[in-house]
Amino acid sequence: MAQAQIIDGKAFAARVREKVAAHVARLKEVHNITPGLAVVLVGEDPASEVYVRSKGKQTVEVGMASFEHKLPEDTSEQELLGLLDELNSDPKVHGILVQLPLPSHLNEDLVIGRINPAKDVDGFHISNVGLLATGQKAMVPCTPLGCLMMLREQHGSLAGMNAVVVGRSNIVGKPMAQLLLRDSCTVTIAHSRTKDIEALCRQADILVAAVGRPQMITGDWVKPGATVIDVGINRLPAPEKGEGKTRLVGDVDFESASKVAGAITPVPGGVGPMTIACLLANTLTACCRSHGLPEPDGLTA
């Protein structure tokens, strides 16, 4: 049986970054504008620190200005909100991202709500959520935007396709469904309470897995020839690599699903690299919008 085509997120993300870098270079040359991204990290979560470092590095590589604000674990809500007010009013900063999760004494909703929606490159502000849901111009969450870009390249038009999104999180599941709906798919959101979820998934031309359960979706859930986008990042023990070692797997059982699907994203190397690439794209988009300039082609929803 034919193996599915592997959708190479790493190569795709590199192309997105090239497009962003070219547009940034033009902005500097023609308009003397440098897009700027501010990342705020509170506390010392090791995974968040690695992620923030990677964001900073890639921001500089595409020619943007990178502003990193590392705050101690015991930073008060007032201090954090004060910093966001400063970043909101700083014309050099076009995108603001607060790295989640925050320490438990800080209210995430309150903090996200303080970011100027036009600079909310994560797309989590309630105004952007509402704009996306009503089909208006919004800042769109990075991971669903990356998934949409890959699907558009794979299929061209998505109109009339049957899409099933497994997972209903505010970060991926819900905005992914809205984006697919906007591209004229017929969309179903499946979740832990969905009855006969396997049969539902088998009807999908596009199957997006964003549920956070390792290898939950197996090949017999997949419609032959479907496009499978695996957003899951889960760590499983890998004793064969040595004691205490782990391996990354998605929400889809890649081995069985890749024998049935027409195209599939691997984990790692699929959706993951697209997230930071789309963060850069969003920062560029926010910059263009703030100056009343045309938006970058092919980098928005």
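What counts and what doesn't
Residues numbered from 1 in each chain as written. Predicted model: local features only at pLDDT ≥ 70, side-chain atom pairs only at ≥ 80, totals over all residues. Heavy atoms only, no water. Salt bridge = Lys/Arg side-chain N within 4 Å of Asp/Glu carboxyl O. Helix = DSSP H or I, 4+ residues; strand = E, 2+ residues; numbered from the N terminus. Buried < 20%, exposed > 50% of the residue type's maximum accessible area, 1.4 Å probe, protein only. Expected span 1.5 Å × (residues − 1). Contact = heavy atoms within 4.5 Å. Polar contact = N/O pair within 3.5 Å; in protein donor to acceptor, adjacent residues only side chain to side chain. Axes fitted to C-alpha atoms, helices over the stretch in contact; angles between N-to-C directions. Left-handed = near helix turned anticlockwise from the far one by under 90°. Nonpolar A, V, L, I, M, F, W, Y, C, P; charged D, E, K, R; others polar.

Details of the pattern of salt bridges
When the charged atoms of two side chains with opposite charge come close together, those side chains can pair. Taken as a whole, this structure holds eight salt bridges when the rule is applied. Note that Arg15 and Glu153 form a salt bridge whose closest N and O atoms lie 2.8 Å from each other. Taken together, the residues Arg15 in helix α1 (residues 9-31) and Glu153 in helix α6 (residues 142-155) connect sequence positions 138 residues apart. With a relative accessible area of 38%, Arg15 lands in the partly exposed category. The partner of Lys223 in a salt bridge is Asp205, and the shortest N-O contact between them spans 2.7 Å. Taken together, the residues span a long stretch of sequence, with Lys223 in the loop between β7 (206-209) and β8 (227-230) and Asp205 in the loop between α8 (197-201) and β7 at a distance of 18 residues. According to the relative accessible area criterion, Lys223 is partly exposed, its value standing at 29%. Salt bridges sharing partners connect three or more residues here, namely Lys137, Arg289 and Glu295.

Points about α1
For α1, with 23 residues, the first-to-last C-alpha span of 32 Å sits near the 33 Å given by 1.5 Å per residue. Packed against the buried residues of α1 are α6 and α10 (272-290). Among the residues of α1, the N-terminal cap falls to Asp8, whose side-chain oxygen and the backbone nitrogen of Lys10 are separated by 3.0 Å. Asn32 sits one or two positions beyond α1 and adopts a positive phi of about 55°.

Regarding the packing of α6 against helix α7 (residues 173-182)
The interhelical angle for the contact between α6 and α7, taken along N-to-C directions, is 35°, at an axis separation of 9 Å. In this structure, α6 crosses over α7, and the sense of that crossing is right-handed. Of the residues in α7, those touching α6 at Pro144, Leu145, Cys147, Leu148 and Leu151 are Pro175, Met176, Leu179 and Leu180. Residue composition of the contact of α6 with α7, by class: nine nonpolar, no polar and no charged.

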